Amino acid sequence: MTEEANIPEQIADGKNKTNVRCQYCNSLMLKASEGSYSEQEIDVPLMVQKQDRTAENLNTEPLKHFWLVKDMLSFENIGFSHTVDGKKFLVCADCERGPVGYHELSTKHCYLALRRVVHTD
């Protein structure tokens, strides 16, 4: 997980400076310079939910730092989860942990949350 204080260190020329990996299984999700930094506040479901939660009443947290990926084929390894309110959630394709971000169905853009991944080569 990338801490908020370390986010500026991950950005070079508006792009991800290093590879982006799953924080659980270390799977490579996005190669360096493939994502553009985007700042917007969006409520994203917590990675761990109580078992009695449904898609309509998920616990969420506001996230505002994302890597914008305009072409989903730019990912090395990403999976798509449930659709809620015009968004599909992004998960690690190897360990299926997430959501690590979301896919906006109307624009077909993907947003990978910096706080939900690790940055390392």
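The structure reproduced in this document is the subject of the present report. Owing to the predicted nature of the structure, the values given are computational and were not obtained by experimental measurement. (Residues numbered from 1 in each chain as written. Predicted model: local features only at pLDDT ≥ 70, side-chain atom pairs only at ≥ 80, totals over all residues. Heavy atoms only, no water.)

**Description of the pattern of salt bridges**
Counted by the stated rule, this structure contains one salt bridge. Between Glu 61 and Arg 116 there is a salt bridge, with the nearest N and O atoms lying 2.7 Å from each other. Residue Glu 61 is found in strand S6 (residues 60–69), and its partner Arg 116 is found in the loop between strand S10 (109–113) and strand S11 (117–119); the two are separated by 55 residues along the sequence. By relative accessible area, which is 3% here, Arg 116 ends up buried. (Salt bridge = Lys/Arg side-chain N within 4 Å of Asp/Glu carboxyl O. Helix = DSSP H or I, 4+ residues; strand = E, 2+ residues; numbered from the N terminus. Buried < 20%, exposed > 50% of the residue type's maximum accessible area, 1.4 Å probe, protein only.)

**Section: the sheet that holds strand S4 (residues 28–30)**
Reading across from one edge, S4-S3-S11 is the order of the three strands in this open sheet, with antiparallel pairing throughout. The sheet terminates laterally at S4 and S11, the two strands that pair on one side only. Across the sheet, the mean angle from the axis of one strand to that of its neighbour is 45°, orientation sign disregarded. As judged from the three bridges shared by strand S3 (residues 20–22) and S11, these two strands associate in the antiparallel manner. For Cys 22, the partnering residue across the bridge sits in S11 and is Val 117. (Pairing = 2+ DSSP bridges. Axes fitted to C-alpha atoms, helices over the stretch in contact; angles between N-to-C directions.)

**Let's talk about the environment of Lys 108**
Residue placement: Lys 108 occurs in the loop between strand S9 (101–104) and S10. Not counting chain neighbours up to four residues away, the residues in contact with Lys 108 comprise Lys 70 and His 103. (Contact = heavy atoms within 4.5 Å.)

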